[in-house]
Protein chains: 2
Amino acid sequence: MKSLINDLLHTLPYPEVRPEGLYEPIEYVLAMGGKRLRPVLLLLAYRLYRDDIARATAAAVAIETYHNHTLLHDDLMDHADMRRGMPTVHCKWDANTAVLSGDAMLIMAFRKLSEVACSRRAAVMETFAATAQQICEGQQYDVNFERRSDVTEAEYIEMIRLKTAVLLGCAVKIGALIADASAADCDTLYRFAERIGLAFQFQDDYLDTYGDPATFGKKIGGDILCGKKTYLVVATMQRSTPEEQATLMALLADTTLPAAEKISRVRALYDAKGIPEVCRTAIAQYYDAAKAILADLSVDATPLWAYAESLLGRAQ
Amino acid sequence: MKSLINDLLHTLPYPEVRPEGLYEPIEYVLAMGGKRLRPVLLLLAYRLYRDDIARATAAAVAIETYHNHTLLHDDLMDHADMRRGMPTVHCKWDANTAVLSGDAMLIMAFRKLSEVACSRRAAVMETFAATAQQICEGQQYDVNFERRSDVTEAEYIEMIRLKTAVLLGCAVKIGALIADASAADCDTLYRFAERIGLAFQFQDDYLDTYGDPATFGKKIGGDILCGKKTYLVVATMQRSTPEEQATLMALLADTTLPAAEKISRVRALYDAKGIPEVCRTAIAQYYDAAKAILADLSVDATPLWAYAESLLGRAQ
């Protein structure tokens, strides 16, 4: 299904005559690969109801294009130099190219979505646009939180929900809408994928510090080294005295310590508050909640659940 | 009608709980005012066919929000500090705010447009999205042309068409689509407004250098002082020898000359090639072409034409 999506991405509305510099970065970003998680979820949700996948492919392309638009603009705002081992657009080209090509991707996503031929096109469009707006809000909360040291776990979870989980909910809901699933099923699938999204994000945060270097794929400790305010930081802060909080903040901001020492000292603070167990419990709760929600569905959700399990590394 | 549009802009889909920093810049930009040219054109086109304006207001809000999104991101890319006498978003806040709030405006425009309730919603959405993509292409051509000294008049006109004229065409076409006008009338109105858009842009370029300071509203010579590659520059380059071209390019790039001297020396080069007359002829041709196209319309277009005339300063 991933290779189908990679092929489909070439069906974006590129013009025949094109200005140099606008579309190359878009093709570059979309060729970087990745799991294609969102369009796969959309198509899997659709296939719970119908086999004729052609009706859902425009929406699958739209959601992956949109997602890559957010990566492009987020990398620009975060001054991130690399993504998936390749230079980001504002580094390979420049900041203005990142702004304009990112805008064009967002527009092309909406344009592709408007190709969807189904009786619920208006609901599809509204779900997509409302989600995209929530994701801007999530990104803004993320920016605001980087400047605060008193972010609560509840605030952090809401930020993650907006920034990443709602797009997974949107993906399966749109798949179900296009497949003419019942309103109840559309809602059930949305809530399922939202929880899966939260589980993914918590697992990402956890594995970045506590993962097995042999299987994680990235270097362990990257979040600590760049002082990123992950769930681990927020959970530790909430369980710390003002003095301990100041120590953690200073440590995360420190750019002079050797990498291994910075990682092990921050990890010791997490360990002292039992954060690894807190994380594992939170992940398991979202996982279990997602599974329980799926039981409400009117159809057999085995293929969708098997995919979610495989991504969470829980498959047997 | 302008004040109606100013009121309607408050109907954008703002959330009840909102992150600090995302929506303030949007409200700031939309409160800056301006002629509200695009939504006025949309509503005037609609009213050629129907009186119940409520059906078209969501689209009017969408197109003005979209236009202000382009201003916000263009000002960021152009490093423009001021617009309508007020600091631009990336100056009043910062570059990241300009990127993210601009993205949210684009999304809110699409979301507002998806509220449009009419049988041709798909055509409205496709017209809008295709136009927005063309405008990105126009902006990219503009960026590319700033680095070139061999831009032809035809290339320049195509850039201006994409960057500014197609949005006026889109505005009237969407108004007509929502009003259930015939396909022929939708097309006629589009072509009319595209030519009006070209006339406006040529007039802007002309008046910036040759306008009457008492009525122009901005200081005369601004484009020359910042070395902007306007139609006047392109038309002069095409009529010049390589030596004359080098003189003009060097003069426009010069930042040491006193303002009045730089303006008068560049203007002398334009005058030597008869550029004022070239401009006036081009404006008149687009104006006449627009008027001729409008004669093909199946309904009386007097209110629309009167508005276009008033903006071009041609009304009696």
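Refer to the structure printed above.
(A) Highlighting the overall build of chain A. Within chain A one finds 16 helices and two strands. Relative to the 2.2 N^0.38 estimate, which gives 20 Å for 316 residues, the radius of gyration of chain A is 20 Å and therefore close to what a compact globule would have. By its C-alpha atoms, chain A is 60 × 50 × 35 Å across when sized along the principal axes. The buried share of chain A, reckoned over its 316 residues, is 56%. Long-range pairs, those at least 24 residues apart, make up 73% of the contacts in chain A with a sequence separation of at least 6.

(B) Representation of the relation of the copies chain A and chain B in the model. Of the transformation superimposing chain A on chain B, the axial component is 0.0 Å and the angular component is 180 degrees, with the fit at an RMSD of 0.0 Å. Accordingly, the operation relating the two chain copies is best matched by a two-fold axis.

(C) Structural view of the interface of chain A and chain B. At the interface, 40 residues of chain A touch 40 residues of chain B. At the boundary of chain A with chain B, total buried surface from both sides reaches about 3600 Å², with 63% on carbon and sulfur atoms. Seen at the junction of chain A and chain B, the total is two salt bridges. A salt bridge links E126 of chain A to R111 of chain B; the shortest N-O distance between them is 3.2 Å. Here chain A is connected to chain B by 18 residue pairs in polar contact (both at pLDDT 80 or more). Only α4 (54-78), α6 (95-113) and α7 (121-146) of chain A provide two or more residues apiece to the side of chain A that touches chain B. Broken down by element, the residue count for the side of chain A that touches chain B peaks at 14 residues, all from α7 of chain A. Here the residues of the side of chain A that touches chain B are counted per class, giving 23 nonpolar, nine polar and eight charged.

(D) How the structure looks around unusual backbone geometry. The phi angle at D180 of chain A is positive, at roughly 65 degrees, despite the residue not being glycine. Along the chain, D180 of chain A falls in the loop between α8 (153-178) and α9 (183-210). Given a relative accessible area of 39%, D180 of chain A falls into the partly exposed group. For R84 of chain B, which is not glycine, the phi dihedral falls at a positive 50 degrees.

(E) Representation of a positive patch on the surface. Taken together, the side chains of K2, K35, R84 and K218 of chain A make up a positively charged region of the molecular surface. Turning to its location among the elements, K35 of chain A is positioned in the loop between α2 (24-30) and α3 (37-47).

(F) A look at the environment of A109 of chain A. With respect to the secondary-structure elements, A109 of chain A resides in helix α6. In the structure, A109 of chain A is positioned 46 residues away from I63 of chain A in sequence and 6.7 Å away in space, judged by C-alpha atoms.

(G) Main features of the state of the cysteines. Using the criterion set out here, one finds zero disulfides over all chains in the structure. We note that C91 of chain A lacks a disulfide partner, and the nearest cysteine sulfur, in C226 of chain A, lies 15 Å from it.

(H) Layout of the packing of α6 of chain A against α7 of chain A. Residues and elements named next belong to chain A. At a minimum axis separation of 10 Å, α6 and α7 run at an interaxial angle of 160 degrees. Between α6 and α7, the interaxial angle falls into the category roughly antiparallel. The handedness of the crossing between α6 and α7 comes out as right-handed. Counting all contacts with α6, which are made through A109, F110 and L113, the residues of α7 involved are V124, M125, F128 and A129. A per-class count over the contact of α6 with α7 returns seven nonpolar, no polar and no charged.

(I) Representation of the packing of aromatic side chains in the model. Following the criterion strictly, the structure yields 23 aromatic pairs over all chains and no others. Note on Y156 of chain A and Y231 of chain A: the rings are 6.2 Å apart at their centroids and 40 degrees apart in plane angle, and the pair reads as tilted. Taken as a pair, Y156 of chain A in helix α8 and Y231 of chain A in helix α12 (residues 231-238) lie far apart in primary sequence, 75 residues in all. With respect to burial, Y156 of chain A and Y231 of chain A carry one shared label: buried. Relative to F128 of chain B, the ring of F110 of chain B lies with its centre 5.1 Å away and its plane at 80 degrees, an arrangement referred to as edge-to-face. On the criterion of sequence distance, the pair formed by F110 of chain B in helix α6 (residues 95-113) and F128 of chain B in helix α7 (residues 121-146) is long-range, its members being 18 residues apart. The burial state of F110 of chain B is the same as that of F128 of chain B; both residues are buried. The ring centre of W93 of chain B lies 5.5 Å from the NZ or CZ of K92 of chain B, which sits over that ring.

(J) Structural view of the environment of A54 of chain B. Locating A54 of chain B in the fold gives a position in helix α4 (residues 54-78). Residues A54 of chain B and V116 of chain B, spaced 62 residues apart in sequence, show a C-alpha to C-alpha distance of 9.9 Å.

Criteria and cut-off values
- Residues numbered from 1 in each chain as written.
- Chains lettered and ligands numbered in written order.
- Predicted model: local features only at pLDDT ≥ 70, side-chain atom pairs only at ≥ 80, totals over all residues.
- Heavy atoms only, no water.
- Helix = DSSP H or I, 4+ residues; strand = E, 2+ residues; numbered from the N terminus.
- Rg over C-alpha atoms; globule rule 2.2 N^0.38 Å.
- Buried < 20%, exposed > 50% of the residue type's maximum accessible area, 1.4 Å probe, protein only.
- Contact = heavy atoms within 4.5 Å.
- Least-squares fit on C-alpha atoms with pLDDT ≥ 70 in both.
- Buried area = accessible area lost by both parts, 1.4 Å probe.
- Salt bridge = Lys/Arg side-chain N within 4 Å of Asp/Glu carboxyl O.
- Polar contact = N/O pair within 3.5 Å; in protein donor to acceptor, adjacent residues only side chain to side chain.
- Nonpolar A, V, L, I, M, F, W, Y, C, P; charged D, E, K, R; others polar.
- Patch = residues over 30% accessible without salt bridge, like charges linked within 9 Å, V, L, I, M, F, W, Y side chains within 5 Å.
- Areas by Shrake-Rupley, 256 points an atom, 1.4 Å probe, with all protein chains shown as cover.
- Lys, Arg positive; Asp, Glu negative; His and termini not counted.
- Charge placed at Lys NZ, Arg CZ, Asp CG, Glu CD.
- Disulfide = S-S within 2.5 Å.
- Axes fitted to C-alpha atoms, helices over the stretch in contact; angles between N-to-C directions.
- Parallel < 35°, antiparallel > 145°, perpendicular 65-115°, else oblique.
- Left-handed = near helix turned anticlockwise from the far one by under 90°.
- Phe/Tyr/Trp six-rings, centres within 6.5 Å; stacked < 30°, edge-to-face > 60°.
- Lys NZ or Arg CZ within 6 Å of the ring centre and 35° of its normal.

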